[in-house]
Structure formats: C-alpha cells, structure tokens
Amino acid sequence: PSDYEDPGSVREARGIPKEAYACSQAKGQKAHCKKAEIMDKKELRQFIRNEKRQYSSSQLEELSLSVLSRLNGNEHLQRAETLLMYYSLPDEVNTHAYIDQLLTEGKKILLPEVIDGENMVIREYTGKHDLKEGAFHIMEPIGSLFPEERYQEINLAIIPGMAFDGNHNRLGRGKGYYDRFLQKIPQVYKIGICFPFQLVDEIPTEETDIKMDAIMG
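Quick caveat: nothing in here was measured; it's all calculated off a predicted structure.

### Notes on the layout of surface pockets
- Looking at the largest pocket, its volume works out to about 940 Å³.
- As for the largest pocket, its lining consists of 36 residues, of which Val-114, Met-120, Arg-173, Tyr-177 and Tyr-178 are closest to the centre.
- Those elements giving two or more residues to the lining of the largest pocket turn out to be helix H2 (41–52), strand E4 (108–114), strand E7 (139–141), strand E10 (170–171) and helix H6 (177–182).
- In terms of residue class, the lining of the largest pocket is made up of 16 nonpolar, six polar and 14 charged.

So this is what it looks like as structure tokens:
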C-alpha cells in the first residue's frame, strides 16, 4: 500500500543485494539495514527491541504522532463506526490520546483484554473509567464485554506488532493472541501500525499467522 515504505527500496538505492534485511531509520538519518536472512522470529524480536532502545520517549512520541496523523486520514478509519483499537504499551505507537479523540468523533471503541494463556476478549471503551492499572503498571480495559455475536459490527481493526513487512505479514510478541482472535473476525479490514524502524524486508511466517490488509509505519 502507499502507506508502506518498502525497505527494499532503501536496499536497492544503496546497491544492497536482494536478500532479507531488517531496516530502521533514526530521526534525521538515512535508513540503515541489517542482514536478516538468517533471523528467526525470536532473533527478529530481539533486533527490534535493540532498535527501540536507541530512541528516547520523546522521539517515540513524535514518531507516534506522525503515524497516527496518517492513520487519521485513512478512508477506512474515516468510514468506520466500530473500531477495534489497542491501549498502547510504552514501546508501541502511543494511542492513549488518539482513542479519546476518536470517541469525541462518535466512534465506538473496543479494546482487547487477555483473559488466559491463549485467548483474549474485547471490551467497550467509553473513557478513562473503563481502565484499571494491572500488573507492571499496564492499564487494562474493564468496560462492558463486547459479545461475540456482535463481532460482525466491527468495521476496522488497528493492530500493533513487533514488526511488519511488505507482504503485510505481522510479527507479534510470540503468544499468538491476535492471530487466534482475528480468525473470529475475518471480514474486518486490518491495519497494522508501528514505528518506521519496525518495518522489515521479510518476516518468517507460519500457517497460523494472520496477514494485515495495510501497514502504516
């Protein structure tokens, strides 16, 4: 999609052979690539974690605003009435203020809640009172449970990830929560969002991995 900046274009412009590379871009610098053809999922996650450590909280916040600005102009988001969002962790594109903005625009916001070692449910978010502080100071949704028989009402899903590639593949944190849940809403248009340094040339995939419809980073 037009919102995805293919790391391959960076690779080709620099004369790098066509292999699998993980690419990142620091503020005010050209993108740099690291050969990733032998990286498995675990190694790629660690590579991304190392990249994140190079950024300050203020830099990540600035990158978040840039990503969300582009997301806000997306036609699928503008048309959507019921959205599956996520309440961001410190190392994810910051959605906290943006979710409240979407509420003021009249959109119904749903947030995921992990309920056991394999599954998550979704709950309605109508304001900060629908959150509570959980383990590790992570804010968790406590709003009304959104029943599975109403999942067909969801128009759009905004999905975080550790990394995404040009084939719309997503690398999660390794637990498979989103991959299992997204099987329940196959009709929903899925946009993966991330920081620019989380866009990679290729992600190793398995049959159970769910592709995104678009990527923004």
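### With respect to the pairing of E4
- Counted residue by residue, E4 has five buried out of seven residues, so it is predominantly covered.
- Here strand E3 (residues 82–84) runs beside E4; their pairing, made up of three bridges, is parallel. Paired with Leu-83 across the bridge in E4 is Ile-109.
- Traced from E3 through helix H5 (residues 96–104) to E4, the parallel crossover comes out right-handed.
- As paired strands, E4 and strand E5 (residues 120–125) are joined by six bridges and run antiparallel to one another. For Pro-112, the partnering residue across the bridge sits in E5 and is Ile-122.
- Hairpin remark: E4 followed by E5, antiparallel, with five residues in the connecting loop.

### Here's the deal with unusual backbone geometry
- Its identity is not glycine, yet His-168 carries a phi of approximately 70°, on the positive side.
- Mapped onto the fold, His-168 is located in the loop between strand E9 (163–165) and E10.

### As for the pattern of salt bridges
- The final tally for this structure, using the stated rule, is twelve salt bridges.
- Between Arg-79 and Glu-75 there is a salt bridge, with the nearest N and O atoms lying 3.6 Å from each other. On the criterion of helical spacing, the pair formed by Arg-79 and Glu-75 is a turn pair, its members being four residues apart in helix H4 (residues 75–79).
- Residue Glu-75 is classed as partly exposed on the basis of its relative accessible area, which comes to 48%.
- We note a salt bridge from Arg-150 to Glu-124, for which the minimum N-O separation is 4.0 Å. Placement of Arg-150 in the loop between E7 and strand E8 (156–159) and of Glu-124 in strand E5 is noted, with a sequence separation of 26 residues between them.

### Thoughts on the pairing of strand E11 (residues 189–193)
- By the criterion of burial, E11 is predominantly enclosed, with four of the five residues buried.
- Bridging between E8 and E11 involves four bridges; their strand directions are parallel. Following the sheet pairing, Ala-157 is matched in E11 by Lys-190.
- Where E11 meets strand E13 (residues 214–216), three bridges bridge the pair, whose relative direction is parallel. Paired with Ile-193 across the two strands is Met-216, which belongs to E13.

### Some remarks on the nonpolar core
- Grouped together as the largest cluster of nonpolar side chains are 47 residues, with contacts concentrated most on Leu-71, Met-85, Ile-154 and Ile-193.
- The contacts of Met-85, once residues within four sequence positions are left out, are Thr-95, Tyr-98, Ile-99, Leu-102, Ile-109, Leu-110, Leu-111, Pro-112, Ile-158 and Tyr-178.
- Counting residues in hydrophobic clusters, the runner-up holds nine residues, among them Met-39, Phe-47, Leu-171 and Val-200.

### Some details on the side chain of Arg-170
- By secondary structure assignment, the location of Arg-170 is in strand E10.
- Within the buried set, Arg-170 has no salt-bridge partner at all; the shortest N-O distance to an opposite charge, 4.4 Å, is to Asp-179.
- Of note is the side chain of Arg-170, whose polar atom sits 2.7 Å from the backbone oxygen of Pro-160.
- Excluding residues that lie within four positions of it along the chain, Arg-170 makes contacts with Ile-159, Pro-160, Gly-161, Ala-163, Phe-164, Tyr-178, Asp-179, Ile-203, Ile-210 and Met-212.

### Some points on the confidence of the model for the protein
- When pLDDT is averaged along the protein, the result is 85; 82% of the residues meet or exceed 70.
- Note that pLDDT drops below 50 for residues 4–36; the model gives that stretch 73 contacts with residues more than four away or on any other chain.

Basis of the calculations
- All residue numbers here refer to positions counted from 1 along the written sequence of the relevant chain.
- The predicted origin of the model limits local features to residues at a pLDDT of at least 70 and limits the giving and counting of side-chain atom pairs to 80 or more, whereas totals for whole chains, interfaces and linings rest on all residues.
- Water and hydrogen atoms play no part in the side-chain values, which are based on all heavy atoms of the structure.
- Cavities and pockets are defined on a 1 Å grid built over the protein atoms alone: a cavity is a set of grid points where a 1.4 Å probe fits but cannot escape, while a pocket is an open set with protein on both sides within 12 Å along at least five of seven lines, and lining residues are those with an atom within 4 Å of any such point.
- Grid points are joined across faces, edges and corners, and a volume is the space filled by probe spheres set on the points.
- Note on conventions: DSSP H or I runs of at least 4 residues are helices, E runs of at least 2 residues are strands, and numbering of each starts at the N terminus.
- Polar here means any residue outside two lists: the nonpolar Ala, Val, Leu, Ile, Met, Phe, Trp, Tyr, Cys and Pro, and the charged Asp, Glu, Lys and Arg; Gly therefore counts as polar.
- Between buried and exposed lies partly exposed: a residue is buried under 20% and exposed over 50% of the maximum accessible area for its type, with that area taken using a 1.4 Å probe on protein chains only.
- Pairing between two strands is assigned when DSSP locates at least 2 bridges connecting them.
- A clockwise path from the first strand over the helix to the second, with the strands pointing away from the viewer, defines a right-handed crossover.
- By definition here, a salt bridge exists when the distance from a side-chain nitrogen of Lys or Arg to a carboxyl oxygen of Asp or Glu is within 4 Å.
- Joining through side-chain atoms within 4.5 Å is the link that ties buried Ala, Val, Leu, Ile, Met, Phe, Trp, Tyr and Cys residues into a set, and such a set is a nonpolar core.
- Pairs of residues are marked as contacts when any of their non-hydrogen atoms sit within 4.5 Å.
- Charge assignment: positive for Lys and Arg, negative for Asp and Glu; neither His nor the chain ends contribute.
- Between N or O atoms, a polar contact is any pair within 3.5 Å; within protein, one atom must be a potential hydrogen donor and the other a potential acceptor, and residues adjacent in sequence are included only when both atoms are from side chains.
- Every residue carries a pLDDT, the predictor's confidence in it, which falls somewhere between 0 and 100.

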